[in-house]
Amino acid sequence: MSQTDDRARFLAAYDQDLRTDAETPSAVKVTQHGPVRLVTFMKGRGFVTYKDLGDADAQTVRRLVAEATAYFRAEPGITRVEWKSRGHDHAPGLHEALIANGFTQDDPESIMIGEAKALSTAVPLPEGVTLRQITDEPDVRAMSAMQDEVFGEPVSDEMADALLHRLSLDDGMQLWVAEVDGQIVSAGRLEPVPGTAFAGIWGGATREEWRGRGIYRALTARRAQAALEMGKTLIHSDSTEFSRPILERSGLLKVSTTTPYRWVRG
């Protein structure tokens, strides 16, 4: 089967299986508004997604964006909202409607999908680097702090609290780290999607001084092995331009793009 055929197959599976409850396993509340899902997470975070917008015209898109924004504005606990758009969607005028309602556009990310078995090959680690799965709170907080630092964000408890909450649900999510002399130098999580062939790999981050040595590839391969052990055959991820080439070398294909738009309460 050609890469073109694989891309079409993977994208169809993505639209079918990954654009419903699969996107929001830790949601506190989900409100369906027409085709749009209005999602509330812990710590005042809102999220907008949908399977598709059907044959909506620009006027309908403007209305949906305005109504979704009004919904979150009326929720005083919501401090910020992400609208998750996809490059292959039919959504005329979406960018303009979001900007008009106070959203700002983030950089596009690549939607990457591939066979788990293709990713699970052995990748040699540099001397002194070890991989392990973590579950204890101090390890989770250390991992989260490292990721905040790598992504250039202030170290906060928010992501660590969310991850610890997810671990308490025992829903199959796994956290993996690479360490040198007890220091976490790379990390990422694995999220099996119930009722589908998919597991997602997320949160990949490597300290700058340890990049280019195959550590993230090894971490990806180990998570793919764990996915296979769960019976999952497909891996998906939204990737930055930094990690996309690594995932492509590991065997994932770019099937589309996703662009986050963000609204912050003034």
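Above: the structure in question.
Description of the structure in this document. Source: prediction; values computed, not measured.

Conventions and cut-offs
Residues numbered from 1 in each chain as written. Predicted model: local features only at pLDDT ≥ 70, side-chain atom pairs only at ≥ 80, totals over all residues. Heavy atoms only, no water. Helix = DSSP H or I, 4+ residues; strand = E, 2+ residues; numbered from the N terminus. Rg over C-alpha atoms; globule rule 2.2 N^0.38 Å. Buried < 20%, exposed > 50% of the residue type's maximum accessible area, 1.4 Å probe, protein only. Contact = heavy atoms within 4.5 Å. Phe/Tyr/Trp six-rings, centres within 6.5 Å; stacked < 30°, edge-to-face > 60°. Lys NZ or Arg CZ within 6 Å of the ring centre and 35° of its normal. Expected span 1.5 Å × (residues − 1). Arc of directions from axis to C-beta. Core = buried A, V, L, I, M, F, W, Y, C linked by side-chain atoms within 4.5 Å. Pairing = 2+ DSSP bridges. Salt bridge = Lys/Arg side-chain N within 4 Å of Asp/Glu carboxyl O. Polar contact = N/O pair within 3.5 Å; in protein donor to acceptor, adjacent residues only side chain to side chain.

### Some points on the overall build of the protein
Within the protein one finds 8 helices and 12 strands. Taken over C-alpha atoms, the radius of gyration comes to 19 Å for the protein, in line with the 18 Å a tight globule of 266 residues would show. In terms of principal-axis extent, the alpha carbons of the protein reach across some 60 × 45 × 30 Å. Counting over 266 residues, the protein shows a buried share of 47%. Taking contacts inside the protein between residues at least 6 apart in sequence as the whole, the part at least 24 apart equals 72%.

### Observations regarding unusual backbone geometry
Phi at Lys43 is positive, roughly 60°, even though this residue is not glycine. Here Lys43 lies in the loop between β2 (36–41) and β3 (45–50). The phi dihedral of Asp181 falls on the positive side, at around 50°, and the residue is not glycine. Here Asp181 is to be found in the loop between β8 (174–180) and β9 (183–192).

### What to know about the packing of aromatic side chains
Going through the model one piece at a time under the given rule, you end up with 4 aromatic pairs. Their ring planes at 55° and their centres at 5.9 Å tell us that Phe41 and Phe47 sit as a pair that is tilted. Both residues of the pair, Phe41 and Phe47, count as buried. Centroid distance Trp83 to Phe103: 6.4 Å. Interplanar angle 85°. Geometry classified as edge-to-face. Placement of Trp83 in strand β4 (residues 80–86) and of Phe103 in the loop between α3 (94–100) and β5 (104–105) is noted, with a sequence separation of 20 residues between them. The pair formed by Trp83 and Phe103 is uniform in burial state, with each residue classed as buried. Just above the ring of Phe242 sits the side chain of Arg211; from NZ or CZ to the centre is 5.0 Å. The ring of Trp210 has Arg213 sitting right over it, with the charged end atom 4.4 Å from the ring centre.

### What to know about helix α6 (residues 158–169)
With 12 residues, α6 should reach 16 Å at 1.5 Å per residue; the first-to-last C-alpha distance of 17 Å fits that figure. What α6 keeps buried is the set Ala160, Leu163, Leu164 and Arg166. An end-on view of α6 places all buried positions within 160° of arc, on one side of the element. Asp170 lies just past α6 and shows a positive phi near 55°.

### Concerning the nonpolar core
Ranked by internal contacts, the top residues of the largest apolar core, which has 22 residues, are Leu53, Trp83 and Leu94. Going through the elements one at a time, β2, β3, α2 (58–73), β4, α3 and β12 (253–264) are the ones with two or more residues in this core. The biggest single contributor to this core is α2, with 6 residues. When sequence neighbours within four positions are dropped, the list of residues in contact with Leu94 reads Tyr50, Val61, Val65, Trp83 and Ser85. With 16 residues, the next largest nonpolar core counts Leu190, Ile201, Ala226 and Ile235 among its residues.

### Regarding the pairing of β9
In terms of residue burial, β9 counts as a mostly covered element, since 9 of its 10 residues are buried. In this sheet, β9 lies alongside β8 in antiparallel orientation, the contact comprising 7 bridges. Paired with Trp176 across the bridge in β9 is Gly188. A loop of 5 residues connects β9 with strand β10 (residues 198–206), the two strands running antiparallel in sequence, and Gly195 in this loop sits at a positive phi of about 75°.

### Observations concerning the pattern of salt bridges
Pairing is possible between side chains of opposite charge, provided their charged atoms come close. Tallied over the entire structure, the rule returns 24 salt bridges. Counted as one network, the salt bridges with shared partners bring together Lys43, Glu137, Arg141, Asp157 and Asp161.

### As for the side chain of Thr258
Looking at the element boundaries, Thr258 is found in strand β12. A distance of 3.5 Å separates the side chain of Thr258 from the side chain of Lys84, its partner in a polar contact. Excluding anything up to four places from it in sequence, Thr258 contacts Lys84, Ser85, Arg86, Asp107, Pro108, Glu109, Ile111 and Asp238.

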